[in-house]
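One letter stands for each residue in the lines below.
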Amino acid sequence: MTRQNSFLFGAMILTVAGLLSRFFGVLYRIPFARLVGAEGIGLYQMAYPIYTTVLALSTAGLPIAISILVAEKNARGDRWGGRQVLYLALVLLATLGAVMSYGLYHWADWLAFQVLHDRRAMYSILAVSPAVFFGAVMSAFRGYFQGLQWMMPTGVSQVVEQLVRVGTVLTAALLLMSYGVEFAAAGAAFGAVAGGAAGLITLLLFYTWFCMRDHAGNKVKSTPREGMVELTYRLLVLAVPASLGALVMPVVQTLDAVLVPLRLQVAGFTVEEATGLYGELSGMAGTLINLPTIITTAITTSLVPAISEAAARGRVKQVGEQLSLALRASLLLCLPAAVGMWLLAEEIMHLLYNVPTAGVPLKVLAPSIVFLGMYQVSAGALQGLGRTMLPVRSLIIGAAFKIFLNYYLTVLPGLGIRGPAIGTNVTFLVAATLNFYSLFGLIGYTPNWVSLLLKPGLAVTIMGACVIWANQTLTLAWALPELTTLAVIAVGMISYGVSLLLVGGLTTRELGLIPWIGPRLANVFQDLRWIRG
């Protein structure tokens with residue numbers, strides 16, 4: 001398998017694992033809600049955001065830094081140096097995770113009473129606190145394997161973690177419900193601990209097997225060790241900007257939660273109307289817009305070590321090739337998602353939430369799927385080159401545009417809730433543009449937009465025409481709008497896939513890189529002579 005194919009295959013593995021994890025994460029909520037009711041869900045949800053925030057602070061951007069340094073050392077044949085990075089990161093992350101876990105445990109009562117204003121949430125916070133330690137240690141191993149461009153351990157551990165977590169949530173809630181809803185919620189919160197332990201054991205098994213294989217093959221080279229002080233400094237220099245970047249959007253979203261409803265009220269909406277419109281924008285349309293990031297995040301995760309290794313070998317041309325491949329894969333997936341949500345915005349919102357009016361912000365937000373994908377890929381390239389602060393700067397500038405546009409556009413007649421949606425589009429467009437400008441300055445890279453967009457653009461145009469025709473035809477033929485929407489979405493997916501193959505936007509060789517189902521589809525289409533191999 002070539003370097004490019006290996007990179008794309010790794011992204012596919014992470015995509016499949018992310019989709020499976022997301023599917024199980026959504027599916028379990030149905031029986032869980034029936035077991036504990038709205039009150040139990042509320043107590044569970046109170047603790048979980050606190051846990052995820054503390055976990056994010058515990059990892060502090062180190063997984064990206066680990067993958068960059070491991071890829072760099074692996075490119076030089078220094079396998080021991082890669083392990084040295086892992087061992088140092090394990091010490092740092094285990095220490096940080098243990099401290100954060102203890103802090104969350106120690107302050108559980110204060111957080112429940114003073115922050116969440118419901119002391120019963122203390123039990124859920126106590127139950128979930130050890131999960132921070134497991135999550136921090138797992139992130140070290142995942143960063144190491146990603147640096148080796150071996151994505152299977154990360155993907156498998158994600159699925160195992162989610163499966164064990166879901167099983168624990170449902171079992172604990174069922175067993176503890178008789179003791180009170182707060183204990184059922186705490187048992188469910190403990191699912192993150194059980195899942196984290198299972199995920200860590202899975203990663204340890206992969207690492208043990210990997211070390212045994214390396215030892216048997218005498219692949220670990222004895223090279224001079226880099227000083228721990230210097231290595232720690234390099235880890236932190238790469239990790240701190242990545243950690244800051246992860247905080248930019250949550251801060252902006254918090255400002256949105258305050259600013260947008262207030263500006264809607266200035267525009268003449270009541271408090272209730274403003275709150276409802278903001279809910280449609282962030283809780284409904286925003287959630288759908290973020291779905292494709294499962295795929296683009298997988299592409300970016302696989303891209304970072306690939307770029308880092310190529311840069312360490314001095315192969316600037318290969319850096320550009322890897323980046324173009326990642327951009328192409330991202331556009332192949334983001335373009336149909338954006339066009340589909342733009343054409344079927346109201347129908348999709350009616351299908352999912354029975355709130356067709358939420359289609360108004362979704363239609364405006366749809367282009368941001370493409371812009372966000374471009375930003376993520378370009379940010380991953382800059383991180384792989386070791387310039388982790390540049391995408392943070394780009395995102396901060398883009399976020400400043402968003403705040404400005406949210407403030408002024410939201411109150412304009414005829415815009416309203418469309419204003420913040422426009423601001424989101426501009427945010428990621430500006431951030432992506434600045435990233436590509438930085439890439440041009442660093443390695444002279446400029447995307448060939450004609451080549452990248454021509455065939456996918458033609459395929460998505462055909463898809464759009466098929467979607468419009470199917471929507472108009474089936475709406476007249478069928479009485480059930482939900483069934484019509486599902487059928488039209490299926491038409492769109494099939495027409496896009498076939499059109500992409502017909503115009504040569506996706507070869508059967510590339511189709512075969514998709515895990516499990518890809519080779520079978522490739523064999524089917526290979527028999528059609530007019531599809532390129």
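All of these numbers come straight from a predicted model, not from anything done at the bench.

Caption draft 1: Seen up close, the nonpolar core. If you look at the biggest cluster of nonpolar residues, it comprises 73 residues, and the most contacted ones within it are Met341 and Leu362. When residues of this core are assigned to their parent elements, the largest contribution, 11 residues, is made by helix H14 (residues 316-343). When residues no more than four places from it in sequence are discounted, the contact partners of Met341 are Leu288, Ile289, Ile348, Leu362, Ala366 and Ile369. Membership of the second largest hydrophobic core comes to 34 residues, among which are Tyr48, Leu55, Ile125 and Val169.

Caption draft 2: Inspection of the side chain of Ser157 at higher detail. Tracing the backbone shows Ser157 in helix H8 (residues 152-176). In this structure the side chain of Ser157 is engaged in a polar contact, spanning 3.2 Å, whose partner is the side chain of Arg142. Leave out the neighbours within four places in its chain, and Ser157 touches Arg142, Gly199, Thr202 and Leu203.

Caption draft 3: Structural detail: the confidence of the model for the protein chain. A residue-level look at the protein chain finds 90% of positions with pLDDT of 70 or above and a mean pLDDT of 83. Summarising per-element confidence for the protein chain, the mean pLDDT is lowest in helix H23 (residues 517-526) (56) and highest in helix H19 (residues 418-443) (93). Within the model, pLDDT remains below 50 along residues 529-533, and this stretch shows 12 contacts once partners closer than five positions in the same chain are excluded.

Caption draft 4: Broad picture of the packing of helix H6 (residues 121-128) against helix H9 (residues 181-189). One can describe the packing of H6 onto H9 by two numbers: an axis separation of 8 Å at closest approach and a directional angle of 20 degrees. Between H6 and H9, the angle falls in the class roughly parallel. As H6 runs across H9, the sense of the crossing is right-handed. Within the contact between the two elements, H6 uses Tyr123, Ser124, Ala127 and Val128 and H9 uses Glu182, Phe183, Ala185, Ala186 and Ala189. Of the residues belonging to the contact of H6 with H9, the class tally is 7 nonpolar, 1 polar and 1 charged.

Caption draft 5: Summary view of the pattern of salt bridges. What the rule picks out here adds up to 3 salt bridges. A salt bridge links Arg234 to Glu72, with the nearest nitrogen and oxygen atoms 2.8 Å apart. Note that Arg234 is positioned in helix H11 (residues 228-266) and Glu72 in helix H3 (residues 62-75), a separation of 162 residues in sequence. Take Glu72: its relative accessible area is 13%, and that puts it in the buried class. Linking Arg119 and Asp109 is a salt bridge whose minimum nitrogen-to-oxygen distance equals 3.1 Å. Residue Arg119 is located in the loop between helix H5 (108-115) and H6, and its partner Asp109 is located in helix H5; the two are separated by 10 residues in the primary sequence. On the accessibility criterion, Arg119 (43% relative accessible area) is partly exposed.

Caption draft 6: Spatial organisation of the packing of helix H20 (residues 449-477) against helix H21 (residues 481-502). As a packed pair, H20 and H21 sit with axes 8 Å apart at the nearest point and diverge in direction by 155 degrees. Taken together, the axis directions place H20 and H21 in an arrangement best described as roughly antiparallel. Every pair of crossing elements has a handedness; the one defined by H20 and H21 is right-handed. Contact with H20, carried on its side by Pro456, Ala459, Val460, Ile462, Met463, Cys466, Val467, Ala470, Asn471, Leu474 and Thr475, involves Thr484, Ala487, Val488, Val491, Gly492, Ser495, Tyr496, Ser499 and Leu500 of H21 and no other residues of that element.

Caption draft 7: Summary view of the environment of Thr485. Turning to its location among the elements, Thr485 is positioned in helix H21. What makes Thr485 buried here is its relative accessible area of 5%. Apart from the residues within four sequence positions on either side, Thr485 is in contact with Glu347, Ile348 and Leu351.

Basis of the calculations
- Residues numbered from 1 in each chain as written.
- Predicted model: local features only at pLDDT ≥ 70, side-chain atom pairs only at ≥ 80, totals over all residues.
- Heavy atoms only, no water.
- Core = buried A, V, L, I, M, F, W, Y, C linked by side-chain atoms within 4.5 Å.
- Buried < 20%, exposed > 50% of the residue type's maximum accessible area, 1.4 Å probe, protein only.
- Helix = DSSP H or I, 4+ residues; strand = E, 2+ residues; numbered from the N terminus.
- Contact = heavy atoms within 4.5 Å.
- Polar contact = N/O pair within 3.5 Å; in protein donor to acceptor, adjacent residues only side chain to side chain.
- pLDDT = per-residue confidence, 0-100.
- Axes fitted to C-alpha atoms, helices over the stretch in contact; angles between N-to-C directions.
- Parallel < 35°, antiparallel > 145°, perpendicular 65-115°, else oblique.
- Left-handed = near helix turned anticlockwise from the far one by under 90°.
- Nonpolar A, V, L, I, M, F, W, Y, C, P; charged D, E, K, R; others polar.
- Salt bridge = Lys/Arg side-chain N within 4 Å of Asp/Glu carboxyl O.

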